[in-house]
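Here is how the chains run, residue by residue.
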Amino acid sequence: MISKTKRKLKNIKNKILYTIRKPKIKIDSIENGAIQFLGSKYGGWNFLKTSTIKKSTVISIGAGEDISFDVMLADQFDTHIILVDPTPKSIIHIEETIKSIGKSASTQFNETGRQEISSYPLENIQRDQILHEKSALWTHNGHIKFFQPPNPNDVSHSITNIQNNYKSNSENNYINVPCVTIEKLFKKHNITEIEILKIDIEGAEIHVIPNILKLHKSLQPKQILVEYDGILYPNKKYIKMCLECDDSLRKNGYTCIHKHEKNNFLYVKHECIERKTY
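Source: prediction; values computed, not measured.

What counts, and at which threshold
- Residues numbered from 1 in each chain as written.
- Predicted model: local features only at pLDDT ≥ 70, side-chain atom pairs only at ≥ 80, totals over all residues.
- Heavy atoms only, no water.
- Disulfide = S-S within 2.5 Å.
- Buried < 20%, exposed > 50% of the residue type's maximum accessible area, 1.4 Å probe, protein only.
- Helix = DSSP H or I, 4+ residues; strand = E, 2+ residues; numbered from the N terminus.
- Lys, Arg positive; Asp, Glu negative; His and termini not counted.
- Salt bridge = Lys/Arg side-chain N within 4 Å of Asp/Glu carboxyl O.
- Contact = heavy atoms within 4.5 Å.
- Phe/Tyr/Trp six-rings, centres within 6.5 Å; stacked < 30°, edge-to-face > 60°.

1. Here we look at the state of the cysteines
Under the criterion given, the structure shown has 0 disulfides. Not engaged in a disulfide, the cysteine C256 finds its nearest cysteine sulfur in C242; these two sulfurs lie 9.9 Å apart. Given the relative accessible area of 0%, C256 is considered buried.

2. Thoughts on the environment of K89
When you line up the elements, K89 lands in helix α3 (residues 88-99). For the pair K89 and S156, spaced 67 residues apart in sequence, the C-alpha to C-alpha distance is 8.9 Å.

3. Some words on the side chain of D229
Structurally, D229 can be placed in the loop between β11 (223-227) and α6 (236-251). One buried charged side chain, D229, makes no salt bridge at all; its nearest oppositely charged neighbour is K198, positioned 9.9 Å away. Every residue in contact with D229, bar those within four places of it in the chain, is listed here: I162, D200, I201, E202, G203, E205, Y238 and N263.

4. Structural notes on the packing of aromatic side chains
The final tally for this structure, using the stated rule, is 5 aromatic pairs. Consider the rings of F47 and F77, whose centres lie 5.9 Å apart with planes at 85 degrees: the pair is edge-to-face. Placement of F47 in strand β3 (residues 45-48) and of F77 in helix α2 (residues 68-77) is noted, with a sequence separation of 30 residues between them. F77 sits in the buried class, given a relative accessible area of 9%. These aromatic residues form a ring-pair network of at least three members: F47, F69 and F77.

And the structure:
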């Protein structure tokens, strides 16, 4: 009872802090109809439908137990998907999905964040279209502490321990997982061009985006779909780094054209869109 009360009070506190501290990220408008949403209500994302998306490479950092967006991209646009997630539950979910390639969907998507494998349209997808990198994206190669969520039934682990107030001295609530830089990930999978990079990594996004922007211009993603998780667990340091990431993205040729919910943002390279600002 006490822990439930603490969680409720924490949620109320975070809502108040969000209202006070939420970063002001400018959204630029584009022609109607160009932005498309794919996936479940929980795991779906908005992206810009371009002429170069078909048969392109998509990297999805953070998969969890809902890869509806990635599967639908592979199904509708014949894309090659690289899922990057070392979370134990995610590994099982992705392995079971890959085993089911060739089967059609027999159930509907749910809104829980834990999709049934039977909900994925896999009948038109080839085995080599979905690859799984069982590592965490980070700023160095090696191994890293991967902190568990407060609720053991949840799937999302975090390098920054965002769900536990960023505590770095936790002793028993983490696992050690391999981690890779974006450079190593590209080299390992022989990536020379990427259409979409989706980032949903529980607060670590503000640490890896600067490294992504250090890539050669030809290797930088045409679209970056990012969930700024720390907006929901707001502190001044995170908000400052979030705004710095937004500024760096714009200085590297990106513009933010869409916001979904409170913290999901779509950045696209200028050359991919015809833009009008409001």
